Amino acid sequence: MPVESYHGFVDSLLRDPSEIWHHAYEQEISEAGRSVLLAIRTLGGKCDVPVLEGVFGPLHMHRAARYNFSRRPEDFRVGIREVMNSFIKPCGQDGFEVIDTSVLDLLNAVARGAPDNAVDMIEGAARFDQIEQIWSLAKAERGGNILAALKRESHRIAPSIARLARLRRRFDIEGGGVGYFSPTFEVRLALIVEMAQRLGAPLIAALIAPAYVLLLEEWGAERPQINDAIKLLRTMDAAVSLPADSITPMRNTVLDAVLEEARTGCRADELREILDVVDTRDTGRELAIVRESFANYQLQYFSDDLFECRSHEQYDGLIEDLELFRDELGVDVDALIQRVEEANAEFEEREDQYGDYMQDEWKERSPMDWDDDRRVAEMFGSLKGAGERDEHPEPAALDASLIEELQTSEAGEGSEAAVESVAGAISVPSPRRSSRCLPLARLALKPLDRRKVDRYLDVTKAALLFGGRAILVEGIAEALLLPAIAKHHILKGHKDKLRIFQSVVFITIDGVDFVPFVSLLLTEVNGTRIADRVVVMTDGDKGTRAEDDEEDTANDGEAETRNTLPDETEQSGDGTRAAPEEEVVDGGLIPGERRKFALDRLAGELGATDYFAEVISTYSLESELIEVNGAGFDGG
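Residues numbered from 1 in each chain as written. Predicted model: local features only at pLDDT ≥ 70, side-chain atom pairs only at ≥ 80, totals over all residues. Heavy atoms only, no water.

Topic: a nonpolar patch on the surface
Phase 1 of the analysis: Side chains of Phe171, Ile173 and Phe181 sit close together on the surface and give an oily, nonpolar patch of about 240 Å² of accessible area.
Phase 2 of the analysis: Its location among the elements puts Phe181 in the loop between strand E5 (177-180) and helix H11 (185-199). (Patch = residues over 30% accessible without salt bridge, like charges linked within 9 Å, V, L, I, M, F, W, Y side chains within 5 Å. Areas by Shrake-Rupley, 256 points an atom, 1.4 Å probe, with all protein chains shown as cover. Salt bridge = Lys/Arg side-chain N within 4 Å of Asp/Glu carboxyl O. Helix = DSSP H or I, 4+ residues; strand = E, 2+ residues; numbered from the N terminus.)

Below, the structure is given as structure tokens:
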């Protein structure tokens, strides 16, 4: 290469790094290696080994038949060995990913330069999400060649699309569970409609009606996916070249399904998307349903959205959504916006406190870091005979017993009584005699309860599914204070009871809607429950305004309807029958007692009265700690 051309050559490589890989792709690997790379491209550049092997087989077989090269049983292993550590690298415990994003650039260039490769990747696909990947590449800025090839070869790709569109999403997992794979049927139909619109291919357009039938069949067993269905509606609206007499009825049916699903409850992002496809200027049925959906969102999901905010941007985004709902639906969101602003201010304060804490920790660690630096300097200094010693004070370690001392010094008589009740209830002898597997999919939970549990569960909270005894508390304060109070006061000297208490799983639900979690733990399947014993500890909240309590609890789900009084034929949790006038008059009960009635009723409906107990305080744990006339603070 002439010297004067070198600068331009380097510049072209930086603009298109795929050139670096072209020679190796074309000259240094076999057809098996190329099939591996094309397969991993259809999976987005990253996948597990079983998935890659599953899509490699059909694609490699198709390419071998089309381009007349021989296949061998060991082709997958050979292909992996050829491209390992050059094009791809291990990922996780059992997976691969491209070694660099420029490998994806190479494979994109391969598809654009020889678009029959894109046709092959669709024709030899084993999963519908592979078609999604290639279609996204075709729609990209430089995908014109691929679009032309897909249109020209629509007779080749149509059967593959039809076959993969029919694949079931739901599959059974050993033990009674259920899993899902591949895109939803809403996404599948949306892609087919878009391909028919962009390609103008009659064979692709003919797949719309069968895919629509499959979607309706799916909705007979599964709930519509709101966001994916909105994507489908937008795609139908953009399909101006398709016959309106066939697309419009489908669109209306999909919109009706979305609105009915939203009526049962939806998140803010889903409601925002719905407003994009509904004409709010029309004051008819659609607007009425959307307003009803907002009312349910306010009661069921707003608190969850607020709790899940983890940055100022997310708080601001939630406020923007609420303002959109106000402007489009004419609803009052002032109180909700105020709550978001207050939570945002608290978040900012916590950030400042965390910053101060990290600064203090840095100050504490600095002498230790300096000491490490000093030792290194001394080591090298000793080699030169010129080491010098700098003295820095050693930071004192924080004794863990100090934390327990601070906790237990705040335990007064009122809180001790509540903890004693919890300790007694959780220490009841357990009927558990063996371990058994319980399929969660068979638990007869209400849809809203199941959704709340789904949003709550993550890796950090999965212990509630494995603990024989569980204590449900409102927040982190109880989870921190109860063990220390039990250890140093209530169960001091009672080793066996303390051992049982310390084996309990504490579940902080961050609210007062205990019903989903009690239902999860105590619902019986095949004579088995998740928990042997469940105790709920909740604040009485005496002195709070009724309307405030109703607003807070309603935002935790169906709490507003759950915290109702039993009728005259029911009994309270302690087995005594309340007077009829006390059961119909709400003014004599504090909010915690209303929750107790609702939970006692639920335990009875589940046939789990012997496995459940509830303890309520008069006010709250924190206020009772303070109310004990200062006795716990000065040791008097």
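Observations regarding the sheet that holds strand E1 (residues 46-48)
Phase 1 of the analysis: If you trace the three strands from one edge of the open sheet to the other, you get E1-E3-E2, paired in antiparallel fashion. Two strands in the sheet have a free side with no partner beyond their single neighbour: E1 and strand E2 (88-90). Between one strand axis and the next, the sheet turns through 25° on average, direction left out of account.
Phase 2 of the analysis: Sheet topology places E1 next to strand E3 (residues 95-98); three bridges connect them, and they run antiparallel. Paired with Asp48 across the strands is Gly95, a residue of E3.
Phase 3 of the analysis: Packed on one face of the sheet, helix H3 (residues 31-42) meets E1, E2 and E3 and runs near 90° to E3.
Phase 4 of the analysis: Of the strands in this sheet, E1 and E3 touch helix H4 (residues 49-67), which is tilted by about 100° from E1. (Pairing = 2+ DSSP bridges. Axes fitted to C-alpha atoms, helices over the stretch in contact; angles between N-to-C directions. Contact = heavy atoms within 4.5 Å.)

Looking at the pairing of E3
Phase 1 of the analysis: Note: E2 against E3, three bridges, orientation antiparallel. In the strand pairing of E3, Lys89 is matched with Glu97.

Let's talk about unusual backbone geometry
Phase 1 of the analysis: A positive phi angle is found at Asn85, which is not glycine, with a value near 65°.
Phase 2 of the analysis: Along the polypeptide, Asn85 turns up in the loop between helix H5 (75-83) and E2.
Phase 3 of the analysis: Since its relative accessible area comes to 57%, Asn85 is described here as exposed.
Phase 4 of the analysis: The phi angle at Asp510 is positive, at roughly 55°, despite the residue not being glycine.
Phase 5 of the analysis: Structurally, Asp510 is set in the loop between strand E7 (505-508) and helix H26 (515-522).
Phase 6 of the analysis: Judged by its relative accessible area of 37%, Asp510 is partly exposed. (Buried < 20%, exposed > 50% of the residue type's maximum accessible area, 1.4 Å probe, protein only.)

Details of the nonpolar core
Phase 1 of the analysis: Grouped together as the largest cluster of nonpolar side chains are 113 residues, with contacts concentrated most on Leu52, Phe87, Ile161 and Phe325.
Phase 2 of the analysis: The contact partners of Phe87, leaving out residues within four places of it in the chain, are Trp21, Ala24, Tyr25, Ile29, Leu37, Val98, Ile99, Val103 and Leu106.
Phase 3 of the analysis: By size, the runner-up hydrophobic cluster in this structure holds 29 residues, among which are Val453, Ala470, Val518 and Val536. (Core = buried A, V, L, I, M, F, W, Y, C linked by side-chain atoms within 4.5 Å.)

Structural notes on the packing of aromatic side chains
Phase 1 of the analysis: Under the counting rule described, the total for this entry stands at seven aromatic pairs.
Phase 2 of the analysis: On the basis of an interplanar angle of 50° and a centroid distance of 5.7 Å, the ring pair of Tyr315 and Phe347 is categorised as tilted. Taken together, the residues Tyr315 in helix H19 (residues 312-329) and Phe347 in helix H20 (residues 334-384) connect sequence positions 32 residues apart. Accessibility assignment for this pair places Tyr315 and Phe347 in one class, buried.
Phase 3 of the analysis: Ring pairing ties together the aromatic residues Phe294, Tyr297, Phe302 and Phe325, which thus form one cluster.
Phase 4 of the analysis: It is Arg34 that lies over the ring of Tyr25; its NZ or CZ is 5.9 Å from the centre. (Phe/Tyr/Trp six-rings, centres within 6.5 Å; stacked < 30°, edge-to-face > 60°. Lys NZ or Arg CZ within 6 Å of the ring centre and 35° of its normal.)

A look at the state of the cysteines
Phase 1 of the analysis: Enumeration according to the criterion identifies zero disulfides in this entry.
Phase 2 of the analysis: Cysteine Cys91 remains unbridged, with the sulfur of Cys47 as its closest cysteine sulfur at 8.9 Å.
Phase 3 of the analysis: Cys91 gets classed as buried once you look at its relative accessible area, which sits at 17%. (Disulfide = S-S within 2.5 Å.)

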